[in-house]
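Notes for the structure review
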Amino acid sequence: GRHVEVLGHVHNYPRLLEGERGPPTRGMGQIAPAPYLSGAVIERIQRDVLQLTVDAMNDRGTPICGALFVDLMIVRGGQPVVIDYNVRFGDPATQILLSRLRGDFYACLQACRGQGDLRSAVAALEIDERPRVSVVLASAGYPDKRTRGAKITIDEAFFAGEPDLWLFEDGVRWVPPTVDEAGADVAGWIETTGGRTFTVVAAADSIEDARAKAYAAIPYINFEGMHYRTDIGLGIAEQLSAIP
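Examining the confidence of the model for the protein chain
When pLDDT is averaged along the protein chain, the result is 92; 97% of the residues meet or exceed 70. The lowest-confidence element of the protein chain is helix H7 (residues 236–241), averaging 65 in pLDDT; the highest-confidence one is strand E17 (residues 221–222), averaging 98.

Below is the structure:
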C-alpha cells in the first residue's frame, strides 16, 4: 500500500503492422529492458509517476497492494506521460519481463498481501540483464474479430533444446482425444481460440542476436491464419542514435 518496487521495463510495439501502422493492440512484440531508458528517467518515473500514484491511492483510503502495470510514453527531455494503468500484470509485456527473473517470485506476491517484506523479496530475485526480444503470433482477424478453431502444430523438440527461448501459450485450448464414428481413436490437439495465440521470447547478448533467435523459432509453429510483425527490434541502433 505504500512501497513501490520496479520489476523492470519493456519497450512495446502496439500497432498491428510494420512501421507502427494499422490498428492498436496490446502489443505485437517487445524489447526488454527498454533500450532508451536511462537510470535518471527510470528514477523519474518511479518518483513522479509510480510513487505519487501509490501515495495518492493510499491517501484517499483505497491503497493498492499488488501489481501496477503502467503504459507510458517518453517525450522529449525524458518526460514520462501516462497513457493508462492496469491493476494487474499486463500481458504480453509481462511474459518477456518475468522471463528475466529467477528465484522465489511467489514470495514477492505474498509480500504484497502483507506476508513478508517486499523489498527483501525483490532483492532476493536474480535478474538476467541480457536483452531479450518477443514476437506475438496472432490469429486471423486480430484485433478486430476472433477467428477460432485453427489446429496448431509445434515442433516441441526444437523449443526444448533452446535454453534461451520461451514459448508462451495465450489464446489456445486443448481438444482431448476422442473416438470417431468408426470406433477409431483420434488423438488430441491444440487449437486457436482467437486473438494473440503465442508469444516467442528470446534472450541473447545483444538485441540483434535476440531478435534473430526469436524469428528463427517462428517456422517451428504453424496454424492457419497466423500473422506477426517482422520488424520487432529492427533498426533499434539507428533509432537510439536519433534520440536527442
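A short note on the packing of aromatic side chains
Evaluated as defined, the whole model comprises 5 aromatic pairs. Considering the side-chain rings of Phe198 and Phe223, the 6.4 Å spacing of their centres and the 45° angle between planes classify their relative orientation as tilted. One end of the pair, Phe198, is in strand E16 (residues 196–203); the other, Phe223, is in the loop between E17 and H7, and 25 residues separate them in sequence. Taken individually, Phe198 and Phe223 each receive the classification buried, so the pair is uniform in this respect. Ring geometry for Tyr215 and Tyr228: centres 6.3 Å apart, planes at 45°, overall tilted. Of this pair, Tyr215 sits in helix H6 (residues 207–217) while Tyr228 sits in the loop between E17 and H7; the two residues are 13 residues apart in sequence, bridging distant segments of the chain. Every member of this aromatic cluster is reached through a ring pair, and the members are Phe158, Phe159 and Tyr220.

Some thoughts on the pattern of salt bridges
Summed over the entire model, instances satisfying the criterion amount to 12 salt bridges. Here Arg229 ties to Glu20 by a salt bridge, and the two come within 2.9 Å at their closest N and O atoms. Of this pair, Arg229 sits in the loop between E17 and H7 while Glu20 sits in the loop between strand E2 (15–17) and strand E3 (21–24), and the two are 209 residues apart along the sequence. When its relative accessible area of 35% is taken as the criterion, Glu20 is described as partly exposed. A salt bridge links Asp128 to Arg132; the shortest N-O distance between them is 3.0 Å.

Side note on a nonpolar patch on the surface
Taken together, Met73, Val75, Val81 and Ile83 make up a surface patch of nonpolar side chains, about 340 Å² in accessible area. Relative to the assigned elements, Val81 resides in strand E6 (residues 79–86).

A closer look at the nonpolar core
Judged by nonpolar contacts, the single largest core of 26 residues is most densely connected at Val135, Leu137, Leu165, Phe198, Val200 and Ile221. Residue assignment for this core shows that the elements contributing at least two residues are strand E9 (132–138), helix H5 (156–160), E16 and H6. With 5 residues, H6 is the largest single contributor of residues to this core. Residue contacts for Leu165: discarding those within four places in its chain leaves Phe158, Phe159, Val200, Val201, Ala202, Lys213, Ala214 and Ala217.

Concerning the sheet that holds strand E15 (residues 189–192)
The 4 strands lie next to each other as E12-E15-E10-E17, forming an open sheet whose pairing is antiparallel. In the strand order of this sheet, the two ends are held by strand E12 (172–175) and E17, each with one partner. As judged from the 2 bridges shared by strand E10 (residues 151–154) and E15, these two strands associate in the antiparallel manner. Its bridge partner being in E15, Ile152 is matched across the sheet by Ile190.

Procedures and definitions
Residues numbered from 1 in each chain as written. Predicted model: local features only at pLDDT ≥ 70, side-chain atom pairs only at ≥ 80, totals over all residues. Heavy atoms only, no water. pLDDT = per-residue confidence, 0-100. Helix = DSSP H or I, 4+ residues; strand = E, 2+ residues; numbered from the N terminus. Phe/Tyr/Trp six-rings, centres within 6.5 Å; stacked < 30°, edge-to-face > 60°. Buried < 20%, exposed > 50% of the residue type's maximum accessible area, 1.4 Å probe, protein only. Salt bridge = Lys/Arg side-chain N within 4 Å of Asp/Glu carboxyl O. Patch = residues over 30% accessible without salt bridge, like charges linked within 9 Å, V, L, I, M, F, W, Y side chains within 5 Å. Areas by Shrake-Rupley, 256 points an atom, 1.4 Å probe, with all protein chains shown as cover. Core = buried A, V, L, I, M, F, W, Y, C linked by side-chain atoms within 4.5 Å. Contact = heavy atoms within 4.5 Å. Pairing = 2+ DSSP bridges.

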